[in-house]
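# Structural overview
Each chain is listed here by its residues.
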Amino acid sequence: MDEEKKRKEDCPLCDKIEYSYQLIGKKWIGLIIHTLLDGPKRFSEIHAYIPDLSKRVLNERIKELEDCGIINRNVIPTRPIRTEYSLTIKGTELGKALIPVEQWAKKWL
């Protein structure tokens, strides 16, 4: 039996775990989630919080997080029209799970 196939049979959650590490391991993802833990923010507010992040990459990361169901995009039909981003329940749970990593980083890095 192929080693990879055997590993997957032995560990049905391995694919999900690996995917979650790939997602949160992408540059800026953790900081975007951290920023939104405080509540909904507009694109410019997220960008102001992470100034080294280019607008192009921020836009890409937000789209990825939307596609994963971690971020909601809410268009507010006022004049002028505003768009806010917030964490979904899934995103909030992920953000809370990352808090111990933040605490570890503050202590050890």
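Everything discussed here concerns the structure shown above.
Below: a short report on this structure. (Residues numbered from 1 in each chain as written. Predicted model: local features only at pLDDT ≥ 70, side-chain atom pairs only at ≥ 80, totals over all residues. Heavy atoms only, no water.)

Turning next to the pattern of salt bridges. For side chains bearing opposite charge, pairing can occur when the charged atoms are close. This model, assessed by the stated rule, comprises five salt bridges. The shortest N-O distance in the salt bridge between Arg56 and Glu60 comes to 2.7 Å. A residue pair is termed a helical-turn pair when its members lie 3 or 4 positions apart in one helix, as Arg56 and Glu60 do in helix α5 (residues 55-67) at four residues. Looking at Arg56, the relative accessible area reads 56%, which means it is exposed. In this structure, Arg61 and Glu64 form a salt bridge, with 2.9 Å as the shortest nitrogen-oxygen distance. In this pair, Arg61 and Glu64 are both assigned in helix α5, three residues apart and thus about one turn of the helix distant. Residue Arg61 shares its accessibility class with Glu64, and that shared class is buried. (Salt bridge = Lys/Arg side-chain N within 4 Å of Asp/Glu carboxyl O. Helix = DSSP H or I, 4+ residues; strand = E, 2+ residues; numbered from the N terminus. Buried < 20%, exposed > 50% of the residue type's maximum accessible area, 1.4 Å probe, protein only.)

Spatially, the three strands line up as an open sheet ordered β1-β3-β2, and their pairing is antiparallel. Edge positions in the open sheet fall to β1 (41-42) and β2 (71-76), since each of these has one partner strand only. In terms of strand pairing, β1 meets strand β3 (residues 82-87) through two bridges, oriented antiparallel. In the strand pairing of β3, Lys41 is matched with Tyr85. Packed on one face of the sheet, helix α3 (residues 29-36) meets β1, β2 and β3 and runs near 100 degrees to β3. (Pairing = 2+ DSSP bridges. Contact = heavy atoms within 4.5 Å. Axes fitted to C-alpha atoms, helices over the stretch in contact; angles between N-to-C directions.)

Looking now at α3. Helical geometry: 3.6 residues make up each α-helical turn, so side chains three or four residues apart lie on a common side. Residues Ile29, Ile32, Ile33, Thr35 and Leu36 constitute the buried set of α3. Axial view of α3: buried residues confined to an arc of 160 degrees, hence all on one face. (Arc of directions from axis to C-beta.)

Right, let's get into the pairing of β2. Pairing analysis gives six bridges linking β2 to β3, with the strands arranged antiparallel. Counted as the bridge partner of Asn72 is Ser86 from β3. Where β2 folds back onto β3 in an antiparallel hairpin, the turn is made up of five residues.

Attention shifts here to a nonpolar patch on the surface. A surface patch of nonpolar side chains, amounting to about 330 Å² of accessible area, comprises Leu13, Ile17 and Tyr21. Within the secondary structure, Leu13 sits in the loop between α1 (3-10) and α2 (14-25). (Patch = residues over 30% accessible without salt bridge, like charges linked within 9 Å, V, L, I, M, F, W, Y side chains within 5 Å. Areas by Shrake-Rupley, 256 points an atom, 1.4 Å probe, with all protein chains shown as cover.)

Looking now at the environment of Thr92. With respect to the helices, strands and loops of the structure, Thr92 is situated in helix α6 (residues 89-108). Residue Thr92 is classed as partly exposed on the basis of its relative accessible area, which comes to 25%. Apart from the residues lying within four places of it in its own chain, the contact partners of Thr92 are Leu37 and Leu87.

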